[in-house]
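Per-entry structural report
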Amino acid sequence: MYLGKYCGGCQFLHMAKLCLGLYYEHKSKGRTVKKMVKMLQGGRPAAPARTRAEKRARGRQRRRRVLTKLNQSKSLYLFLIPAIVYFIIFCYLPMYGVQIAFKYYSPRLGIWGSTWTGMENLNRFFDSYYFWRLLRNTVGLSLYNLIVAFPFPILLALVFNEVKSPKLKKAVQTISYAPHFISVVVLVGILNLFFNQGNGLINVFLDKMGFEKFGFLTSSAAFPSMYVWSGVWQNAGWNSIIYIAALAAIDPQLHEAAQIDGASRLQRILHINLPGILPTAIIMFILDVGQVMNMGFEKVFLMQNAQNTETSQVISTFVYEAGLINSDYGFSTAIGLFNKQYWGTSHVKQIGNFYQSLLGLAPMYVTAENAFLTQEMICALYEHGRRHFVREVR
């Protein structure tokens, strides 16, 4: 038996603490279970009824306090206006079109006039033969990119930190940052110049060396590596900036003390630099994990061709193909909704709330020794704790 039946996920931990505290407070005063339940259910005595004039006066006072606070912080609220407008236009207004995912959408009939189909579009996607292939390609490519691309900025920052010459350090950093400012279209064009099977530089070199030319851009087996390693080359230098800043914040006295103790450069990296940037690395890793299903569309689409679709066809490119090429708008909207909402955000939040509820409810499990914590008493404790919680929030 646990408290999860009676409270929401976000209040689990707080309510559990409140209820347990109230229980032990009443128990220490020698009160029986029945007295405790009766007293807790009774709560505070009801406040005397207010007249209509008192209610109006109280409402005017509340409005006056709100207006005073708004006036005192009006400059801060002005800064919020652009962000609020942005979210309204680009996040809330487009939610009107989400209902297309549950309809057989016809541009002639419009959104409201189209036939309602319920979960038919999603069921059609889940039952299709390409569902698992799309999911495997999307998750596999994202995880491959995460595993390979995440450590490189850390290694690059550690290398930059060990360069002693300021001029050389600045030159190398500038060169490593430059690819980040190349657009995706230009990057894919560079890949075509280097790896084209006909006259690409790499294949021309292989041909001169007596080796057979290889279709790097047309091979399904080579596509994931081409996608991931080109991204590493483009973004590793730029992503290392935050780790360089974290290394700069490490106290130099730690290195001086380690040198006095005879620590080598590798030992100082392992025992001072890496622990110093570990909190930053953990935060960046969590942010990267949250983007696993949001791998983008442009680069995959530009690198995709008829020969490598076995591994290059991901959910985002399939949404484009189903919606804009095949004009199946309801089906493509349902797939996009599945990708963005369920796997991209809601699923992660559900897992987080699940573990939060486990942590919050662990103390509330009833054992054989504590059988006197009956369901009735837990309900009463919860109601009493809820009143305290609401009063505390207000």
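Preceding block: the structure.
Residues numbered from 1 in each chain as written. Predicted model: local features only at pLDDT ≥ 70, side-chain atom pairs only at ≥ 80, totals over all residues. Heavy atoms only, no water.

Details of the overall build of the protein
Note the cut-off: Strands here mean DSSP runs of E at least two residues long; helices mean DSSP runs of H or I at least four residues long; both are numbered from the N terminus. Values of accessible area rely on a 1.4 Å probe in the Shrake-Rupley scheme; residue burial ignores everything except the protein chains shown.
In terms of regular secondary structure, the protein is built from 20 helices and two strands. Put simply, the protein shows about 25800 Å² of open surface, and 64% of that area lies on carbon and sulfur atoms.

Concerning the nonpolar core
Note the threshold: In plain words, nonpolar cores are sets of buried Ala, Val, Leu, Ile, Met, Phe, Trp, Tyr and Cys residues tied together by side-chain atoms within 4.5 Å. Type-normalised accessible area, obtained with a 1.4 Å probe on protein chains alone, sets the label of each residue: buried when under 20%, exposed when over 50%, and partly exposed for intermediate values. Contacts: residue pairs with any heavy atoms within 4.5 Å of one another.
Counting residues in each nonpolar core, the largest one holds 18 residues, and the members touching the most others are Phe150, Ile154, Leu158, Tyr243, Leu247 and Ile277. Secondary-structure elements contributing two or more residues to this core are helix H8 (151–162), helix H13 (241–248) and helix H15 (265–289). In this structure leucine 247 touches Ala157, Leu158, Asn161, Asn273 and Ile277, once residues within four positions along its chain are discounted. Phe216, Leu217, Met226 and Met303 belong to the second largest nonpolar core, which has 17 residues in total.

Considerations on the pattern of salt bridges
To keep things clear, this is the line we draw: Put simply, a salt bridge is a Lys or Arg side-chain nitrogen that is within 4 Å of an Asp or Glu carboxyl oxygen.
Overall, the coordinates contain two salt bridges when judged by the stated rule. Between arginine 124 and aspartate 328 there is a salt bridge whose closest N-O contact spans 2.8 Å. Taken together, the positions of arginine 124 in helix H6 (residues 120–126) and aspartate 328 in the loop between helix H18 (315–325) and helix H19 (329–361) put the pair 204 residues apart, joining distant regions of the chain. Judged by relative accessible area, which is 42%, arginine 124 ranks as partly exposed. Glutamate 162 is the partner of arginine 265 in a salt bridge, and the nearest nitrogen-oxygen pair spans 3.3 Å. Within this pair, whereas arginine 265 is found in helix H15, its partner glutamate 162 is found in helix H8, the two being separated by 103 residues in sequence. Residue arginine 265 is classed as partly exposed on the basis of its relative accessible area, which comes to 44%.

Quick look at the packing of helix H10 (residues 184–195) against helix H11 (residues 201–208)
Here is the rule: For helices, the fitted line uses only the C-alpha atoms of the stretch in contact; every axis is such a line through C-alpha atoms, and the angle between N-to-C directions lies from 0 to 180 degrees. By definition in this entry, angles of less than 35 degrees are roughly parallel, angles greater than 145 are roughly antiparallel, angles of 65 to 115 are roughly perpendicular, and the rest are oblique. Only Asp, Glu, Lys and Arg are considered charged in this grouping, and only Ala, Val, Leu, Ile, Met, Phe, Trp, Tyr, Cys and Pro are considered nonpolar; every other residue, Gly among them, is considered polar.
Two elements in contact, H10 and H11, have axes whose closest approach is 4 Å; the angle formed by their N-to-C orientations is 10°. Considered as vectors, H10 and H11 are oriented roughly parallel to each other. Together, Leu193, Phe194 and Phe195 of H10 and Leu201, Ile202 and Asn203 of H11 make up the contact between the two elements. Of the residues assigned to the contact of H10 with H11, the class counts are five nonpolar, one polar and no charged.

Re unusual backbone geometry
One non-glycine residue, serine 327, adopts positive backbone phi at about 60°. Classification of serine 327 as partly exposed rests on a relative accessible area of 41%.

Here's the deal with the packing of H8 against H15
Convention followed: A crossing counts as left-handed when the near helix is turned anticlockwise from the far one by less than a right angle, and as right-handed when that turn is clockwise.
Running from N to C, H8 and H15 point in directions that differ by 130°, and their axes come no closer than 11 Å. The angle between H8 and H15 places the two elements in the oblique class. Here H8 and H15 pass one another in a crossing that is right-handed. Contacts between H8 and H15 involve Ile154, Leu158, Asn161 and Glu162 from the former and Arg265, Ile269, Asn273, Leu274, Ile277 and Ala281 from the latter. Its residues placed into classes, the contact of H8 with H15 shows six nonpolar, two polar and two charged.

Here we look at the environment of phenylalanine 195
Position of phenylalanine 195 relative to the elements: it lies in helix H10. Considered as a pair, phenylalanine 195 and phenylalanine 216 are 21 residues apart in the sequence and their alpha carbons are 6.0 Å apart. Once you skip the residues sitting within four places of it in the chain, phenylalanine 195 turns out to touch Gly200, Ile202, Asn203, Phe216, Leu217 and Met226.

Structural notes on the packing of aromatic side chains
In plain terms, the rule: The pairing test for Phe, Tyr and Trp rings, Trp by its six-membered ring, is centres within 6.5 Å, and the orientation test on the planes gives stacked under 30 degrees, edge-to-face over 60, and tilted for anything in between.
The final tally for this structure, using the stated rule, is 27 aromatic pairs. Ring geometry for tyrosine 96 versus tryptophan 112: centroids 6.3 Å apart, planes at 50°, classification tilted. With tyrosine 96 in the loop between helix H4 (74–92) and strand E1 (103–104) and tryptophan 112 in helix H5 (residues 110–113), this pair connects stretches of sequence that are 16 residues apart. What makes tryptophan 112 exposed here is its relative accessible area of 64%. Taken together, the ring pairs in this structure connect Phe125, Phe126, Tyr129, Tyr130, Phe131, Trp132, Phe318, Phe331 and Phe338 into an aromatic cluster.

Comments concerning H10
Note the following rule: Helix span is expected to be 1.5 Å times the residue number reduced by one. As used here, the arc is the angular range of directions from the helix axis to the C-beta atoms.
Here H10 contains twelve residues, and its C-alpha end-to-end distance of 16 Å stays within 8% of the 16 Å for a straight helix at 1.5 Å per residue. Turning to H10, its buried residues are Leu187, Val188 and Leu191. Buried residues of H10, viewed axially, fall in a sector of 95°; they line one side. Exposed side chains of H10 directed beyond 90 degrees from the buried face belong to Val185 and Leu193. Buried residues along H10 sit in contact with helix H12 (223–239) and helix H16 (298–303).

Side note on the layout of surface pockets
The condition that has to hold: Definitions used for this entry: grid spacing 1 Å over protein atoms alone; cavity, a set of points where a 1.4 Å probe fits but cannot get out; pocket, an open set with protein on both sides within 12 Å along at least 5 of 7 lines; lining residue, one with an atom within 4 Å of a point. Grid points are joined across faces, edges and corners, and a volume is the space filled by probe spheres set on the points.
The computed volume of the largest pocket comes to approximately 780 Å³. Forming the boundary of the largest pocket are 26 residues, of which Asn145, Ala149, Tyr227, Asn235 and Asn239 lie nearest the centre. Of all the elements in the fold, those that place two or more residues in the lining of the largest pocket are helix H7 (131–149), H12, H15 and H16. Counting residues per element, the lining of the largest pocket draws most heavily on H12, which supplies seven residues.

Observations regarding the environment of isoleucine 175
Checked against the element boundaries, isoleucine 175 lands in helix H9 (residues 166–177). Separated by 62 residues in the primary sequence, isoleucine 175 and glycine 237 have C-alpha atoms spaced 8.3 Å apart.

What about a positive patch on the surface?
We count it as follows: Distance thresholds for patches are 9 Å for like charges and 5 Å for nonpolar side chains (Val, Leu, Ile, Met, Phe, Trp, Tyr), applied to residues having over 30% relative accessible area and no salt bridge. We score Asp and Glu as negative and Lys and Arg as positive, and we do not count His or the chain ends. Just so you know, the charge point we use is NZ for Lys, CZ for Arg, CG for Asp and CD for Glu.
Positive charge collects at one region of the surface, where Arg52, Lys55, Arg56, Arg58, Arg60, Arg62, Arg63, Arg64, Arg65 and Lys69 lie side by side. The topology assignment puts arginine 65 in helix H3 (residues 52–72).

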